[in-house]
Amino acid sequence: MGLRIDILSEHGLIAAVLSGRIAVADVQATIRQVARHPDFVWSLDRIAFIDDRTDLTDINLLGLFRIKDEIIETYFDGRPPAASELPAYRIALVCGPSPNEGILKLFGTIWDSEPSPYVAIRTFNATAEALAWL
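A brief report on the enclosed structure follows. Per-chain numbering applies: the sequence of each chain, read as written, is numbered from 1 onward. Only residues with pLDDT of at least 70 are given local features in this predicted model, and only at 80 or more are side-chain atom pairs given and counted; all residues enter the totals for whole chains, interfaces and linings. Each side-chain value is derived from all of the structure's non-hydrogen atoms; neither hydrogens nor water enter the calculation.

With that settled, consider the packing of helix α2 (residues 61-76) against helix α3 (residues 99-112). Axes here mean lines fitted to C-alpha atoms, for a helix over just the part in contact, with angles spanning 0 to 180 degrees between N-to-C directions. Helix and strand assignments follow DSSP, with helices taken as H or I runs no shorter than four residues and strands as E runs no shorter than two, numbered in order from the N terminus. Closest axis-to-axis distance for the α2/α3 pair is 10 Å, and the angle between their directions is 55 degrees. On the basis of their axis angle, the class for α2 and α3 is oblique. In this structure, α2 crosses over α3, and the sense of that crossing is right-handed. Contact residues: Leu61, Leu64, Phe65, Ile67, Lys68, Ile71 and Ile72 in α2; Ile103, Leu106, Phe107, Ile110 and Trp111 in α3. Small angles under 35 degrees read as roughly parallel and large ones over 145 as roughly antiparallel, with 65 to 115 read as roughly perpendicular and the rest as oblique. By the definition used in this description, the sense in which the near helix is turned from the far one sets the handedness, with an anticlockwise turn below a right angle giving left-handed and a clockwise turn giving right-handed. What makes two residues a contact is simply this: any of their non-hydrogen atoms within 4.5 Å.

In structure tokens form, the structure reads like this:
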């Protein structure tokens, strides 16, 4: 697994770099690890860079729901934030055209399917576009 997270609190941002084979359990463990970091604030926006060597094929639809459930359990103690506080944060996913892009867009669709989405997720092909949105 190649999943690296940096908390850039001075920029109000959590940055992640994904490379290699990524499994649902890897993502869940990283969510828990980041939540224990002393600089972690759940409302920080996130940007994730997914390179061409990243393999997300182990993450199916059920896995995407497990990741979503892990976020709600870990960051919100199992209780989603109030509708007036939504979205709780934004996630910008930076990924070139690839099969991974489809998986990432599906993840965003899962969040968007909620009556009141907890987070806002968008997929971008360029870092500049992602940062402008954040």
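Okay, back to it.
The subject of this paragraph is helix α1 (residues 24-36). One less than the residue count of a helix, multiplied by 1.5 Å, gives the span that helix is expected to have. Look at α1: 19 Å from first C-alpha to last across 13 residues, which is about the 18 Å you get at 1.5 Å a residue. Burial classification: accessible surface area is computed with a 1.4 Å probe over protein chains only, and a residue below 20% of its type maximum counts as buried, one above 50% as exposed, and the rest as partly exposed. All of the buried residues along α1 are Val24, Val27, Gln28, Thr30, Ile31 and Val34. Buried residues in α1, looked at end-on, bunch into an arc of 160 degrees, giving them a common side. Exposed residues pointing more than 90 degrees away from the buried face of α1 are listed as Gln33 and Arg36. Buried positions along α1 lie against β1 (2-8), β2 (13-19) and α2. This arc corresponds to the set of directions leading from the helix axis out to the C-beta atoms.

The next thing to look at is unusual backbone geometry. Not every positive phi belongs to a glycine, and Asp77 is a case in point at roughly 55 degrees. Relative accessible area serves as the criterion here: at 53%, Asp77 is assigned to the exposed category.

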